[in-house]
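Below are the chains, spelled out letter by letter.
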Amino acid sequence: MYRNIGKLLSANVFAQVLGLLIYPILTRLFAPEDFGLLNLFLSIGGILTLLATSEYQSAVLLPKQEQEAAGVARVALLLMGAWILLIALTIPFSSPIATLFKAPELACCYWLLVPYVAAMGAWAVYNAWLTRRKAFGQISVYQLNQSASGVLTKLLFGWIGWLRSGLIISSVLAPFIA
């Protein structure tokens, strides 16, 4: 038990430290407005991910039989697919939605909510499945890979000049790369 706790804790701590070390560089590459847009995007994406999964991933841990747990995971993924389709249908209205949030810059990146919610929702279900199977090493590797790929893509996009959308694109790419 303590070994598994150590795996998860050390991966999480390393990922956090990596971010803390790199963020001073990122603040030189990106403007405060870029970070504000990123935080708005991540907030909207986080809420939509919660709605899309409806926390069904937590139910993956409950059944005693693997087949029942797999069925719950499938239901969670189907529900998430329906929500992603619903989010995709709102893309034509991205400008009015961005205006509603008083962030017109959001309109150009709004479509990225679809792959972001898909990646984060799928990870939530898969993370529950890995937790059920006690595959904490795989969870740790994912956390490290996501953190490293997020930091590296943010640095890359900052250096090549993809400013406003670079932070958001890297946040969408990181879960797929991991």
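Okay, so let's go over this structure. Keep in mind the model is a prediction, meaning the values are calculated, not measured.

Here's the deal with the pattern of salt bridges
Enumeration according to the criterion identifies two salt bridges in this entry. The closest approach of N and O atoms between Arg 132 and Glu 66, which form a salt bridge, is 3.3 Å. Taken together, the residues span a long stretch of sequence, with Arg 132 in helix 5 (residues 113-132) and Glu 66 in helix 3 (residues 66-89) at a distance of 66 residues. With relative accessibility at 16%, the residue Arg 132 sits in the buried group. Here Arg 133 ties to Glu 66 by a salt bridge, and the two come within 3.9 Å at their closest N and O atoms. Of the two residues, Arg 133 sits in the loop between helix 5 and helix 6 (136-160) while Glu 66 sits in helix 3, which places them 67 residues apart along the sequence. By relative accessible area, which is 51% here, Arg 133 ends up exposed. Take Glu 66: its relative accessible area is 38%, and that puts it in the partly exposed class. Salt bridges here are not isolated pairs; linked through shared partners, they connect Glu 66, Arg 132 and Arg 133.

Regarding a nonpolar patch on the surface
On the surface, Met 1, Tyr 2, Ile 5, Leu 9, Val 13, Val 17 and Leu 21 cluster together into a nonpolar patch covering about 790 Å² of accessible area. Of note, Leu 9 is situated in helix 1 (residues 2-29). The class for Leu 9 is exposed, based on a relative accessible area of 54%.

Side note on the packing of aromatic side chains
Counted according to the given criterion, the structure contains five aromatic pairs. Chaining the aromatic ring pairs together yields one cluster made of Tyr 23, Phe 30 and Phe 35.

Points about the nonpolar core
Among the nonpolar cores identified, the biggest contains 32 residues, and Phe 41, Leu 106, Leu 113 and Ile 168 are the most heavily contacted of them. Those elements that place two or more of their residues in this core are helix 1, helix 2 (32-53), helix 3, helix 4 (94-100), helix 5, helix 6 and helix 7 (163-177). Per-element accounting of this core gives the leading share, eight residues, to helix 2. Discounting chain neighbours no more than four positions away, the residues touching Leu 106 are Leu 37, Leu 40, Phe 41, Ile 44, Ala 98 and Phe 101. Judged by nonpolar contacts, the second largest core, of nine residues, contains Ala 69, Val 72, Val 125 and Ala 128.

How each quantity is defined
Residues numbered from 1 in each chain as written. Predicted model: local features only at pLDDT ≥ 70, side-chain atom pairs only at ≥ 80, totals over all residues. Heavy atoms only, no water. Salt bridge = Lys/Arg side-chain N within 4 Å of Asp/Glu carboxyl O. Helix = DSSP H or I, 4+ residues; strand = E, 2+ residues; numbered from the N terminus. Buried < 20%, exposed > 50% of the residue type's maximum accessible area, 1.4 Å probe, protein only. Patch = residues over 30% accessible without salt bridge, like charges linked within 9 Å, V, L, I, M, F, W, Y side chains within 5 Å. Areas by Shrake-Rupley, 256 points an atom, 1.4 Å probe, with all protein chains shown as cover. Phe/Tyr/Trp six-rings, centres within 6.5 Å; stacked < 30°, edge-to-face > 60°. Core = buried A, V, L, I, M, F, W, Y, C linked by side-chain atoms within 4.5 Å. Contact = heavy atoms within 4.5 Å.

What is shown is where atoms sit, not what they do.
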